[in-house]
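Report on the structure
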Amino acid sequence: MGEGEARDRRLMRQALGLARRALGTVWPNPAVGAVITRGQGDAFEIVGRGWTQPGGRPHAETEALARAGGRARGGTLFVSLEPCAHQGRTPPCADAVIEAGLARVVVATRDPDPRVAGEGIARLRAAGIAVGEPVLEDEARWLNAGHLLRQIAGRPFVQLKLAVSADGRIAPGTGRPVWVTDAVARARGHLMRARSDAILVGRGTVEADDPELTCRLPGLEDRSPLRVVLDSALRISPQSRLIASAEAVPLWIFCAPDAPMERQGTLLEAGALVQRVPRGADGGLDLAAVLAELAGRGITRLLVEGGPHVARAFLDAGLVDEVVIFRGSAALGRKGLLPFVDDGLERVTEGDAWQIGERHAAGDGTETPYRARDALARLHTF
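Quick summary incoming for the structure in this document. (Residues numbered from 1 in each chain as written. Predicted model: local features only at pLDDT ≥ 70, side-chain atom pairs only at ≥ 80, totals over all residues. Heavy atoms only, no water.)

Side note on the sheet that holds strand 5 (residues 130–132)
Strand-to-strand pairing in sheets goes through backbone hydrogen bonds, with the strands running parallel or antiparallel. With respect to topology, 5 strands assemble into an open sheet ordered 2-1-3-4-5, the strand pairing being mixed. Whereas interior strands pair on both sides, the edge strands pair on one side only; in this sheet they are strand 2 (45–51) and strand 5. Neighbouring strand axes in the sheet, compared pairwise and without regard to direction, differ in orientation by 15° on average. Examined bridge by bridge, strand 1 (residues 33–38) and strand 2 share 6 bridges and lie antiparallel to one another. The residue of strand 2 that forms the bridge with Thr37 is Ile46. Against the sheet, helix 1 (residues 3–21) contacts strand 1, strand 2, strand 3 (76–79) and strand 4 (104–107), and its axis sits at roughly 140° relative to strand 1. (Pairing = 2+ DSSP bridges. Helix = DSSP H or I, 4+ residues; strand = E, 2+ residues; numbered from the N terminus. Axes fitted to C-alpha atoms, helices over the stretch in contact; angles between N-to-C directions. Contact = heavy atoms within 4.5 Å.)

What to know about the pairing of strand 3
Covered by surrounding structure in strand 3 are Thr76 and Phe78 together with Leu77 and Val79, the residues of both alternating faces. Relative to strand 3, strand 1 runs antiparallel, the two being bridged by 4 bridges. Directly across from Ala34, in strand 3, lies its bridge partner Val79. Summarising the sheet, strand 3 and strand 4 pair through 4 bridges and their orientation is parallel. Each residue of the ladder has a partner; that of Leu77, found in strand 4, is Val105. (Buried < 20%, exposed > 50% of the residue type's maximum accessible area, 1.4 Å probe, protein only.)

A few points about the pairing of strand 1
With respect to burial, strand 1 is a largely interior element, 5 of its 6 residues being buried. Hairpin remark: strand 1 followed by strand 2, antiparallel, with 6 residues in the connecting loop; positive phi at Gly39, about 105°.

A word on the nonpolar core
Counting 37 residues, the largest nonpolar core has Leu200, Phe254, Leu294 and Phe314 as its most contacted members. Here Leu294 is in contact with Val228, Trp252, Phe254, Ile299 and Leu302, once residues within four sequence places are set aside. Counting residues in hydrophobic clusters, the runner-up holds 23 residues, among them Ala185, Val206, Ile236 and Leu303. (Core = buried A, V, L, I, M, F, W, Y, C linked by side-chain atoms within 4.5 Å.)

Details of helix 12 (residues 308–316)
When we look at burial in helix 12, the residues that qualify are Pro308, Val310, Ala311, Phe314 and Leu315. A positive backbone phi angle near 65° is found at Gly318, which sits one or two residues after helix 12.

Re the environment of Ala15
Turning to its location among the elements, Ala15 is positioned in helix 1. For the pair formed by Ala15 and Thr76, sequence separation is 61 residues and the distance between their alpha carbons is 13 Å. Excluding its chain neighbours within four sequence positions, the residues that come into contact with Ala15 are Gly33, Ala34, Val35, Phe78 and Ser80.

Here's what the structure looks like:
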């Protein structure tokens, strides 16, 4: 690897780090990071940084350009996703880059959005700007898997979180949460919530634990994701904490077409959104239809925290892109439940369907991600 290539990768990694700050706050837009430099070789300086702002605007490029001001002219932009080329609520970022007089743009990956899809790069090159691509493409595509899958598969990125004991069991519901991991691991789980657009559970989890499903990390309380409940017959209790907080933090409930209308009215009055979707072949809700509806409403990243039945249903349907397993240090023994009803963790940890990521310490336990190989392949189909 040459010196220039190594420098490009180092600066693109900074752009990806900036993009990560925006995860969970910018849907339906992608989370993008941008870095602007000026100067040659090792004599360069960073003159502007930016990332997509809450709600999706301003975009990362315009944020970085605003911070760089006139120093951007003749410089280089490193951006984690191809600059947009369409007129939306804001002008195209590609045009803003051209007008700023940048000499070079380095792009991590192209954008499959049909309104962009190579047009942003083509517009830059037509204006005489040198474009380098791709740089750290695999990392960029995984970071923005939510946006990419919404474009190419019509559904959000689905991340399944499991908290298990040392012997791979989950705690049975008792009406309140039962912890099998320590405070550090739980904080890591709340960070996952902050980086998600929506969090999903089944009605069984609501009955067993009465969760609120908010982010309770200090300083990130406003990053709570939209809450989603699968409840085919609309039997959720009006006294649940989710219903009580529906006006403060959005709550969407998916039910079957034959769910009682009177129950729907009660939930609507409490501030929840109720959406009817078809049943699947197993009699439960059609999860593909649920995901399509979420994507249609702008959701790009979905965190599934449901119990064994919901976890198994998503796995059986082939709709999980990543499983993150938090394993505690104490065993539950026979009082614990298998994480997938009749199956243990080997459903994910053994075989060739999943690619294990880097294991990290999480307090007294560990945090281990497993990425679905078919999801990794799908992200490289454009």
